[in-house]
Amino acid sequence: MNILFIMYDQLRFDYLSCAGHPHLQTPNFDRVAARGVRFTNAYCQSPICGSSRMSFYTGRYPSSHGAQWNGYPLRVGEMTMGDHLRKLGMGCWLIGKTHMRVDAEGMARLGLDPDSIIGARQAECGFDTWIRDDGLWGQGPDGFYDENRSPYNEYLKSKGYAGGNPWADYANAGVEDGEIASGWMFQNSDKPANIREEDSETPWLTRQAIRFIDQTSGPWCAHVSYIKPHWPYIVPAPYHTMFGANHVPAPTRNPVELEETHPVFKAFLDSKISQAFQRDEIRQKVIPAYMGLIKQCDDQLGVLLDHLETTGRMKDTMIVLTSDHGDYLGDHWMGEKDLFHDPSVKIPMIISDPRPHADATRGTVCDALVEAIDLAATFVEAAGGAVPEHIIEGRSLMPWLRGETPGWRDVVISEYDYSVRPFADDLVSSTHDARLFMVFDGRWKMIHAEGGFRPMLFDLETDPDEFHDLAKTDAFRAETDRLYKLLAEWGLRMSQRVTKSDADLMAMRGKSLRRGILPFLVDGSEVPPELTEKYRGPAEQIHLQDDTDGAAND
């Protein structure tokens, strides 16, 4: 059994034809859905790349693993799916992006050599690395955004693309009047990227995945992590002309959202990215490029699936398709991700298990409340292990794949730490308060903001577009109170007792008694005689001090 764990960066849950998109046809995503289960209520644990991915990889919530935003190191010793799977005899390999930031101070404190096997795994989020490329090779006055080397840039240079940063000059830029038309500028999104399609990022990574599959033997888990359709929103020909303004849906937004707006929501609305996506001409350029990037991803998925079929690997490989978060694309007057409306926090999740026990669920959908952290638990069970529930906070999805109806969660939780956002200074006095929590029970979605703010509340049954914030008044106080109670119960979860399982703790009960630690006894009759046996019997020697003479003198 192998696991092909494919992640697309910033792919919306509803931009697939199997999810009902009216214009974008994704036959290869649909092909996997026809072979497996599509989960329609899957949510990421944080709508920001780094924190979300750390939750996927650890199976734990952001407030448990601590890496709550991009650039927050994942602390040394935090167990990941690679650690769990290797214990079960399954290799765990990275091909693409992780957004992992190494805990360099922790490694130095513990004397871990980054060039050692364990050090390298700590630095790569628990994976063994086939190839890592985080895919954002921005360069400014202070140098590169990412200080690691770029294998993709090296590939482009080897193919004759000139310059020091061909990722920026060719793969993510067009040409206008002989000048670079950078993909960083939305006005250029309708131009073809100045690169041969086969040399662009998505086909390049597909070839890396095929190279890995061809040279390895199972059991293996391969995390194939594409940077696209994440911005810069620019795509090579012929994908740049496949969609036009006539394929751009009207934005899902309502003027009521701009009335008595929650202060945190308003701060995001006032950001440059949101202001850009509030302009129709920007959406009409960006969204066709976004759709073209997804179409290219689907075509490359087809290349990968065809290779699995041709080589006979399809019959023994579980395939998982998902995303780290979505993209507002102008919905709710927003751009990017970051908040908890469904376009941002809801993710696609499709799982195809080739084994006979999953035959009954092929081509079905499941509307259970699913969390990104469930994949770590799923992979452990798929590999034949027992999920270490004292470490992994997610739940295995294997019962759903087998057609069972397990006891399940009542709510999903997502978290967001906006401490590093410049507007945090205007909202809260301490970074401790720059935190948001979402609790969603399948109908009611509440967003709690630390710092003394009121909550936000949406009823997705009567308001599926999430326009009407019902917490603007006290009319629905009973619902917010109920959801706060559920959030509090989640907050009381056991999340840090990771070195001892429940079974370990049960086995420890009374163990010290059988090893001679017998405190608080009156005469020994309180315990079985065998426990006091070592403390009874004739004294072999007597060393009591004889103070008879002293007593007589008194």
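What you are looking at is a predicted structure, and each value in this text was computed from that prediction instead of being measured. Sequence order as written defines the numbering, with residues in each chain counted from 1. Reporting of local features is limited, given that this is a predicted model, to residues whose pLDDT is at least 70; pairs of side-chain atoms are given and counted only at 80 or more, and all residues count toward the totals for whole chains, interfaces and linings. Calculation of side-chain values draws on the structure's entire complement of heavy atoms; hydrogens and water are dropped beforehand.

Draft legend 1. Up close: the overall build of the chain. Helix and strand definitions follow DSSP, with helices as H or I runs of at least four residues and strands as E runs of at least two, each counted in order from the N terminus. Counting secondary structure elements, the chain contains 20 helices and 19 strands. In terms of overall dimensions, the chain has a C-alpha envelope of 115 × 60 × 55 Å along the principal axes. Burial status follows relative accessibility: with a 1.4 Å probe on protein chains alone, a residue under 20% of its type maximum counts as buried, one over 50% as exposed, and anything between as partly exposed. Per-residue burial for the chain yields a buried fraction of 56% across its 554 residues. A fraction of 71% describes how many contacts in the chain between residues 6 or more apart in sequence connect residues 24 or more apart. Methods summary: accessible areas were calculated by the Shrake-Rupley approach with a probe of 1.4 Å, and residue burial reflects only the protein chains presented. Here the chain has roughly 24400 Å² of accessible surface; of this, 51% comes from carbon and sulfur atoms. A positive count includes Lys and Arg, and a negative count includes Asp and Glu. His and the chain ends are not counted in either. Here the site of a charge means NZ on Lys, CZ on Arg, CG on Asp, or CD on Glu. Considering the chain, the positive charge centre built from 56 side chains and the negative charge centre built from 82 side chains are found 4 Å apart. Residue contacts are defined here by distance: any two heavy atoms, one from each residue, within 4.5 Å place the two residues in contact.

Draft legend 2. Molecular detail of the pairing of strand S13 (residues 349-352). Going residue by residue along S13, you find Met 349 and Ile 351 tucked away on one face and Ile 350 and Ser 352 tucked away on the opposite face as well. In short, DSSP must find at least two bridges between two strands for them to pair. For strand S2 (residues 37-39) and S13, the ladder comprises two bridges, and the chain directions are antiparallel. Residue pairing for S13: Val 37 is matched across the bridge by Ile 351. Pairing of strand S11 (residues 317-323) with S13, which is carried by four bridges, proceeds in the antiparallel orientation. Paired with Val 320 across the strands is Ile 351, a residue of S13.

Draft legend 3. Region of interest: the sheet that holds strand S4 (residues 91-96). Taken in spatial order, the eight strands make up an open sheet running S5-S4-S10-S1-S11-S13-S2-S14, and their pairing is mixed. Where the open sheet ends on each side, the last strands, each with one partner, are strand S5 (128-132) and strand S14 (364-366). The mean inter-strand angle of the sheet, taken between neighbouring strand axes irrespective of direction, is 15 degrees. Bridge analysis of S2 against S14 gives three bridges, and the strand direction is parallel. Across the sheet, Phe 39 pairs through a bridge with Cys 366, a residue of S14. Each axis is a line fitted through C-alpha atoms, and for a helix only the stretch in contact is used; angles between axes span 0 to 180 degrees, taken between their N-to-C directions. Along the sheet face, helix H1 (residues 27-35) touches strand S1 (2-8), S2, S11 and S13 and points at about 55 degrees away from the line of S13.

Draft legend 4. Looking closely at the sheet that holds strand S19 (residues 456-459). Here we have four strands laid out as an open sheet, ordered S16-S17-S18-S19, and antiparallel in their pairing. Here the strands that pair on one side only, and so sit at the sheet edges, are strand S16 (412-417) and S19. Strand-to-strand, the axes of this sheet are offset by a mean angle of 10 degrees, without reference to chain direction. Sheet analysis places strand S17 (residues 435-440) next to strand S18 (residues 444-449), joined by five bridges and oriented antiparallel. Bridging across to S18, Met 438 finds its partner in Ile 447. Against the sheet, helix H17 (residues 477-491) engages S16, S17, S18 and S19, with an angle of about 70 degrees to S18.

Draft legend 5. Examining the packing of helix H7 (residues 151-158) against helix H9 (residues 201-215) more closely. Where H7 contacts H9, the two axes come as close as 11 Å, and the packing angle between them is 100 degrees. Considering the angle they form, H7 stands roughly perpendicular to H9. Residues Pro 151, Tyr 152 and Tyr 155 of H7 form the contact with H9, whose participating residues are Glu 201, Trp 204 and Arg 207. Under the grouping applied here, Gly and all other residues not named as nonpolar or charged are polar, the nonpolar ones being Ala, Val, Leu, Ile, Met, Phe, Trp, Tyr, Cys and Pro and the charged ones Asp, Glu, Lys and Arg. Looking at the contact of H7 with H9, its residues break down into four nonpolar, no polar and two charged. Note on angle classes: values under 35 degrees are labelled roughly parallel, values over 145 roughly antiparallel, values of 65 to 115 roughly perpendicular, and the remainder oblique.

Draft legend 6. Molecular detail of the environment of Asp 115. Looking at where Asp 115 falls in the secondary structure, it is placed in the loop between helix H5 (104-110) and helix H6 (117-123). Taking the C-alpha atoms as reference, Asp 115 lies 27 Å from Gly 164; in sequence the two are 49 residues apart.

Draft legend 7. Seen up close, the layout of surface pockets. Volume-wise, the largest pocket comes out at about 750 Å³. A per-class count over the lining of the largest pocket returns 14 nonpolar, six polar and five charged. Every definition here rests on a 1 Å grid over the protein atoms only: cavities are sets of points where a 1.4 Å probe fits but cannot get out, pockets are open sets enclosed by protein on both sides within 12 Å along at least five of seven lines, and lining residues have some atom within 4 Å of a point. Grid points are joined across faces, edges and corners, and a volume is the space filled by probe spheres set on the points.

Draft legend 8. Region of interest: the pattern of salt bridges. We define a salt bridge as a contact between a side-chain nitrogen of Lys or Arg and a carboxyl oxygen of Asp or Glu at a distance within 4 Å. One pass over the full model with this rule turns up 42 salt bridges. Close ionic contact of Arg 12 with Asp 14 constitutes a salt bridge, the shortest N to O distance being 2.9 Å. Taking the relative accessible area as the measure of exposure, Arg 12 reaches 5% and is therefore buried. A salt bridge links Lys 191 to Glu 176; the nearest nitrogen and oxygen atoms lie 3.8 Å apart. One end of the pair, Lys 191, is in the loop between strand S9 (179-182) and H9; the other, Glu 176, is in strand S8 (residues 173-176), with 15 residues separating them in the sequence. Accessibility expressed as a relative area gives 15% for Lys 191, which makes it buried. On the accessibility criterion, Glu 176 (42% relative accessible area) is partly exposed.

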